[in-house]
Amino acid sequence: PGGRGGEDLDSLDFDTVNNPYLVDCGRRPPRGMLGYSGKTFARWLLTVLTGVGVALAARFLSLMVDEVARLRNNVLQSLFDKGGSDARALAFFVAYNLSLVLVAAVLTIYLEPSAAAGGIPELQAYLNGTHVKNFLRLRTIFVKIVGTVLTVSSGLACGQEGPLIHIGAGIASGMTRGEKLYRRLLCFDLDQPRRVKHAVLDFFRNDRDRRESICAGAGAGMAAAFGAPVGGVLFALEEAASHWSPQLIWRCFTATLIATFTLAFVKAGENSGDVSLAGLLSFGTVRSVGDMRREIMNEDGSVNVSAVDAPVFWWELVFFGL
């Protein structure tokens, strides 16, 4: 129990329960086809699905932010084209952005306070053995996505990268506890809770397996945000969890790879088929010296660079050389 009371903070049982009955059951697990229980396959299947789900969520965030911002910019452009005053355009700009922030704040305060902030401290607490309630449920992730779209589109000093880690952890959590996924549907309680029951989900009704899946989902969110699968694994290893195993490292690496390359292929349509621009935050592509040489040289062999640009190039050479 934490300082706020046992009803708020509980500890999670990440250690393997070691009693004679469970040890005996573990030696004789229920077997399916060809004597195989299917738990290992289920783990890897959910790992792959988690990576794909995180990539699709990242793409949805990016598209919605662009659409909301494009709507504002189109209205501003129409005001200027019609000869409207600058004061009118400024008033619309302020009112539009303020309304976005207001809706995001109302959703967070009154609908789901657990969706506030980035969610990384709560994730770290959970992966290190503290049961933080409600921050991974369906309603929290829904408010998180909507709030991220509205706040980023409004122009506040925030981005999609941090919340995507929380969203990735929520997606992984939802896939491992399908029997509780629809217990409470967004804003209202159900008289008869709807549950998704399947034999595969029975494997993940313990804190240890859920923790590993959530850790992989958080790493996938980090990788999808920055296009860095190894960075996602290192984030989960160094910053998030303190309980590790060789199997978990490979699962995290698989989830980050799937998330990164799925997002790259989904974004390839708007990048003329270029799959190298992976992640929501991109600094462009790496060009060879030959390509840059062909861009600045004319057909007669002269260089298309003025003398004014030369000091800038020399400054960069000295700065990066040091």
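Below you will find a few notes about this structure. Note that residues are indexed from 1 along each chain, following the sequence as it is written. Two thresholds apply to this predicted model, a pLDDT of at least 70 for residue-level local features and 80 or more for giving and counting side-chain atom pairs, whereas whole-chain, interface and lining totals are computed over all residues. Only heavy atoms go into the side-chain values, all of them from the structure, while hydrogens and water stay out.

### Let's talk about the overall build of the protein
Here is the rule: Every helix listed is a DSSP run of H or I at least four residues long, and every strand listed is a run of E at least two residues long, numbered separately from the N terminus. Relative accessibility decides the category of a residue: with a 1.4 Å probe and only protein chains considered, values under 20% of the type maximum give buried, values over 50% give exposed, and everything between is partly exposed. For accessible areas, the Shrake-Rupley method is used with a probe of radius 1.4 Å. Any residue's cover is judged against the shown protein chains and nothing else.
Summing up its helical and strand segments, the protein has 11 helices and 4 strands in all. Every one of the 322 residues in the protein was classed for burial, and the buried ones make up 37%. Put simply, the protein shows about 18900 Å² of open surface, and 62% of that area lies on carbon and sulfur atoms.

### Focus: the environment of Leu 98
For Leu 98, the position within the fold is in helix H3 (residues 86-111). Distance in space between the C-alpha atoms of Leu 98 and Thr 151 is 9.5 Å, their sequence separation being 53 residues.

### Re the packing of helix H5 (residues 138-154) against helix H6 (residues 161-176)
Going by this rule: Axes, fitted as lines to C-alpha atoms, cover a helix only where it is in contact. Angles between the N-to-C directions of the axes lie from 0 to 180 degrees. An angle below 35 degrees is treated as roughly parallel, one above 145 as roughly antiparallel, one from 65 to 115 as roughly perpendicular, and anything else as oblique. Handedness of a helix crossing follows the sense of rotation of the near helix relative to the far helix, less than a right angle counterclockwise being left-handed and clockwise being right-handed. We call two residues in contact whenever any of their non-hydrogen atoms come within 4.5 Å of each other. Just so you know the grouping, Ala, Val, Leu, Ile, Met, Phe, Trp, Tyr, Cys and Pro go in nonpolar, Asp, Glu, Lys and Arg go in charged, and all remaining residues, Gly too, go in polar.
Contact pair H5 / H6: the axes reach a minimum separation of 10 Å and the direction vectors enclose 155 degrees. Comparing their axes, H6 and H5 come out roughly antiparallel. At the point where H5 passes H6, the crossing takes the left-handed sense. Residue-level contacts link Thr 140, Ile 141, Lys 144, Ile 145 and Thr 148 of H5 to Pro 163, His 166, Ile 167 and Gly 170 of H6. Along the lines of polarity and charge, the residues of the contact of H5 with H6 split into 4 nonpolar, 4 polar and 1 charged.

### So, the pattern of salt bridges
Condition: We define a salt bridge as a side-chain nitrogen of Lys or Arg found within 4 Å of a carboxyl oxygen belonging to Asp or Glu.
For the coordinates displayed, the defined rule picks out 5 salt bridges. In this structure, the salt-bridge partner of Arg 70 is Glu 67, at a minimum N-O distance of 2.7 Å. In this pair, Arg 70 and Glu 67 both sit in helix H2 (residues 39-81), 3 residues apart, roughly one turn of the helix. Residue Glu 67 is classed as partly exposed on the basis of its relative accessible area of 44%.

### Section: the packing of aromatic side chains
Spelled out, the test is: Planes of paired rings set the category: under 30 degrees apart is stacked, over 60 is edge-to-face and the rest tilted, where pairs are Phe, Tyr or Trp rings (Trp by its six-membered ring) whose centres lie within 6.5 Å.
Counted under the stated rule, the structure contains 3 aromatic pairs. Ring centres of Trp 250 and Phe 253 lie 6.4 Å apart, and the angle between their planes is 70 degrees; this geometry places the pair in the edge-to-face category. In this pair, Trp 250 and Phe 253 both sit in helix H9 (residues 246-267), 3 residues apart, roughly one turn of the helix. Judged by its relative accessible area of 56%, Trp 250 falls in the exposed class. You can call Phe 253 partly exposed: its relative accessible area is 26%.

### Digging into a nonpolar patch on the surface
To be explicit about the condition: Within the patch definition used here, like charges are joined within 9 Å and nonpolar side chains (Val, Leu, Ile, Met, Phe, Trp, Tyr) within 5 Å, considering only residues with over 30% relative accessible area and no salt bridge.
On the surface, Leu 102, Val 106, Ile 109 and Tyr 110 cluster together into a nonpolar patch covering about 460 Å² of accessible area. Take Leu 102: it is sitting in helix H3. Taking the relative accessible area as the measure of exposure, Leu 102 reaches 55% and is therefore exposed.

### Details of the environment of Ser 11
As for its position among the elements, Ser 11 is in strand E1 (residues 9-11). The exposure class of Ser 11 is exposed, given its relative accessible area of 61%. C-alpha separation for the pair Ser 11 and Tyr 126, spaced 115 residues apart in sequence, amounts to 8.8 Å.

### Examining the packing of H2 against H5
As a packed pair, H2 and H5 sit with axes 9 Å apart at the nearest point and diverge in direction by 40 degrees. When the axis of H2 is compared with that of H5, the two are oblique. Regarding H2 and H5, the two cross each other, and that crossing is right-handed. In this structure, H2 contributes Phe 60, Leu 61, Met 64, Val 65, Val 68, Ala 69 and Arg 72 to the contact, and H5 contributes Ile 145, Thr 148, Val 149, Val 152, Ser 153 and Ser 154. A per-class count over the contact of H2 with H5 returns 9 nonpolar, 3 polar and 1 charged.

### As for the nonpolar core
Put simply, the test is: What we call a nonpolar core is a set of buried Ala, Val, Leu, Ile, Met, Phe, Trp, Tyr and Cys residues that are connected through their side-chain atoms within 4.5 Å.
With 44 residues, the main nonpolar core has Leu 123, Leu 127, Leu 164, Ile 167, Ile 214, Cys 215 and Ala 224 as its most contacted residues. Elements with a minimum of two residues in this core: H2, H3, helix H4 (120-127), H5, H6, helix H7 (207-226), helix H8 (229-240) and H9. Non-local contacts of Ile 167, meaning those with residues more than four positions away in its chain, are made with Ala 57, Leu 61, Ile 141, Lys 144 and Ile 145.

### Focus on unusual backbone geometry
Peptide bonds are mostly trans, and most non-glycine residues show a negative phi. Located in the positive-phi region is Ala 117, a residue other than glycine, with phi close to 60 degrees. Of note, Ala 117 is situated in the loop between H3 and H4. Here the phi dihedral of Asn 134 falls at roughly 75 degrees; this positive angle occurs in a residue that is not glycine. Here Asn 134 shows up in the loop between strand E2 (130-132) and H5.

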